[in-house]
Amino acid sequence: MPDTDPMRRLLDAVLDVGGASLGEMASRAHLSPFHFQRTVRSYAGESPSALRRRVRLEQAAWNLQRGGSATDTAFAAGYDSLEGFSRAFHRAFGCAPSELPARSERGHWLPAPNGIHFHSPTVLYVDAGQVHEHSAGDVLALLVEHDLEDIDALLDAARHLPAEELRAVRLPGSRPRGWDGADESILQVARHLVLSKEPWLAAIAGESAPDLNGPDDVPALLERHHQVSPRWLAMVRDVDRRGAWQDSIIDALCDPPESFLLSQILAHELTFSTHRRQLLRWMLTDAGLSLGARHLDPDPILWHRRKIGERP
């Protein structure tokens, strides 16, 4: 598809189940075998065949660690026999498929010159491939925690409103992000504030698309927010600890699939969440609520002072 991410198209051509030979891979990418091999090697630092073989073996290890049989895994990885698969697996991982340690003891990734790894059936993880120093100090933690706690405070205020106030259209045509619907009412804005992080968490973790349906009353959204918040904060802390903000995922939950830097994902969410929190404040005031309480002040300086026990 012409609109598909170019990196994704190239990797799809290499990793497609039916594209085993160089000619087949090149044909899928609409390139000559010579140009295809040169382009892949230039981008990835390894030949298409080596990249394909390594990622498919990582996929095999991923399957084995989740209970897959060696025979089924061998054929799924494109091998004609269990014996051939076992030899290739032993060369790569240093053990037979049946002796692979549990995922709690070792991961399924192999050394790579390019940071491209199998992550799950829906996500290909692309490591930045080099060490960067991207320390944000406590600023990052402050922004993320403030965002989560501010959403919590606003939802708690909104739950006291009657249903007709929650559903009333207050800003016709408001649609900050075109693909996820209108933000014309308090309830619509509240839903997007709560649910927008879940698809990203699923993509990063390599899980299937989350179910974004269900109850849309404010107490239910507040409960869901309490479930998502620690997961989002844990993801941010893990990425920051690993210095992995320049890593990227190729997200197959998108249509068409698209690649995103982890830093882009966080910046995207913080930007739109900040806008929606302020939009929700305006709507709550329009509905007659007083937001003069200290814990509802949007200023992260005052929030942080309250959090660490300083007097404002």
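See above for the structure.
Predicted, not measured: the structure shown is a model, and the values here were computed from it.

Chemist: Explain the overall build of the chain here, please?
Modeler: The number of helices and strands found in the chain is 13 helices and four strands. Of all intrachain contacts in the chain linking residues separated by at least 6 positions in sequence, the fraction that spans at least 24 positions is 62%. When the accessible surface of the chain is split by element, carbon and sulfur atoms take 53% of a total near 16000 Å².

Chemist: Is there a simple way to think about helix α10 (residues 197-205) in this case?
Modeler: One turn of an α-helix holds 3.6 residues; hence residues three or four places apart share an orientation. Most of α10 sits out of view: seven of its nine residues are buried. Those residues of α10 that fall on the buried side of the exposure criterion are Lys197, Glu198, Trp200, Leu201, Ala202, Ala203 and Ile204. Immediately beyond the C-terminal end of α10, within one or two residues, lies glycine 206, with a positive phi of roughly 75°.

Chemist: When you look at the environment of proline 172 in this model, what are you seeing that I'm missing?
Modeler: If you trace the backbone, proline 172 turns up in the loop between α8 (163-167) and α9 (186-195). The class for proline 172 is exposed, based on a relative accessible area of 65%. It is 8.5 Å that separates the C-alpha atoms of proline 172 and serine 185, two residues lying 13 residues apart in sequence.

Chemist: Before we go on, may I ask you to explain the packing of aromatic side chains in this structure?
Modeler: Note on aromatic pairs: each is described by the distance of the centres and the angle between the planes. As enumerated under the stated definition, the model contains four aromatic pairs in all. Aromatic pair phenylalanine 85 and phenylalanine 89: ring centres 5.6 Å apart, planes at 50°, arrangement tilted. In this pair, phenylalanine 85 and phenylalanine 89 both sit in helix α6 (residues 82-93), four residues apart, roughly one turn of the helix. Just as phenylalanine 85 is buried, phenylalanine 89 falls in that class too. An aromatic cluster of three or more residues is present, and its members are Tyr79, Phe85, Phe89 and Phe93. For the cation-ring pair, arginine 177 lies above phenylalanine 272, with the distance from its terminal atom to the ring centre recorded as 5.3 Å. We note lysine 197 situated over the ring of tryptophan 232; from NZ or CZ to the ring centre the distance is 5.8 Å.

Chemist: How should the side chain of arginine 281 be read in this particular structure?
Modeler: As for its position among the elements, arginine 281 is in helix α12 (residues 262-286). At a separation of 3.2 Å, a polar atom in the side chain of arginine 281 contacts the side chain of glutamine 278. The contact partners of arginine 281, leaving out residues within four places of it in the chain, are Asp150, Leu154, Leu291, Leu296, Asp297 and Pro298.

Chemist: Would you take a moment to explain the pattern of salt bridges for this structure?
Modeler: Opposite charge on two side chains allows them to pair when their charged atoms are near. Inspection of every chain in the model, using the stated rule, returns 16 salt bridges. Between glutamate 145 and arginine 237 there is a salt bridge whose closest N-O contact spans 3.5 Å. You can see glutamate 145 sitting in helix α7 (residues 137-158) and its partner arginine 237 sitting in helix α11 (residues 218-242), a full 92 residues away along the chain. In this structure, arginine 224 and glutamate 198 form a salt bridge, with 2.7 Å as the shortest nitrogen-oxygen distance. Here the residue arginine 224 occupies a position in helix α11, and glutamate 198 occupies one in helix α10, the gap between them amounting to 26 residues. Comparing arginine 224 with glutamate 198 shows no difference in burial state: the two are buried.

Chemist: Would you mind showing me how to read the environment of glutamine 278 here?
Modeler: Within the secondary structure layout, glutamine 278 lies in helix α12. Remark: the alpha-carbon pair of glutamine 278 and proline 298, spanning 20 residues in sequence, is separated by 7.9 Å.

Chemist: Even after reading the chapter, I still don't get the nonpolar core, so can you show me in this structure?
Modeler: Considering soluble globular proteins, one finds that nonpolar side chains tend to be buried as a cluster. Judged by nonpolar contacts, the single largest core of 25 residues is most densely connected at Leu166, Ile186, Leu280 and Leu284. At the level of elements, α7, α9, α11 and α12 are the ones that each hand at least two residues to this core. Considering each element in turn, this core owes the most residues, seven residues, to α9. Setting aside anything within four residues of it in sequence, one finds leucine 284 in contact with Leu154, Ala158, Leu161, Ile186, Leu289 and Leu291.

Chemist: It is not clear to me how the packing of α9 against α11 should be interpreted in this structure. Could you clarify?
Modeler: A pair of packed helices can be characterised by two numbers: the angle between their axes and the separation between those axes. Two numbers describe how α9 lies on α11: the axes approach to 9 Å, and their chain directions differ by 15°. Between α9 and α11, the crossing angle belongs to the class labelled roughly parallel. For α9 against α11, the interelement crossing comes out left-handed. Between α9, through Leu187, Ala190, Arg191, Val194 and Leu195, and α11, the contact on the second element is made entirely by Val218, Leu221, Arg224 and His225. A breakdown of the residues in the contact of α9 with α11 according to their chemical character gives six nonpolar, one polar and two charged.

The rules behind each value
- Residues numbered from 1 in each chain as written.
- Predicted model: local features only at pLDDT ≥ 70, side-chain atom pairs only at ≥ 80, totals over all residues.
- Heavy atoms only, no water.
- Helix = DSSP H or I, 4+ residues; strand = E, 2+ residues; numbered from the N terminus.
- Contact = heavy atoms within 4.5 Å.
- Areas by Shrake-Rupley, 256 points an atom, 1.4 Å probe, with all protein chains shown as cover.
- Buried < 20%, exposed > 50% of the residue type's maximum accessible area, 1.4 Å probe, protein only.
- Phe/Tyr/Trp six-rings, centres within 6.5 Å; stacked < 30°, edge-to-face > 60°.
- Lys NZ or Arg CZ within 6 Å of the ring centre and 35° of its normal.
- Polar contact = N/O pair within 3.5 Å; in protein donor to acceptor, adjacent residues only side chain to side chain.
- Salt bridge = Lys/Arg side-chain N within 4 Å of Asp/Glu carboxyl O.
- Core = buried A, V, L, I, M, F, W, Y, C linked by side-chain atoms within 4.5 Å.
- Axes fitted to C-alpha atoms, helices over the stretch in contact; angles between N-to-C directions.
- Parallel < 35°, antiparallel > 145°, perpendicular 65-115°, else oblique.
- Left-handed = near helix turned anticlockwise from the far one by under 90°.
- Nonpolar A, V, L, I, M, F, W, Y, C, P; charged D, E, K, R; others polar.

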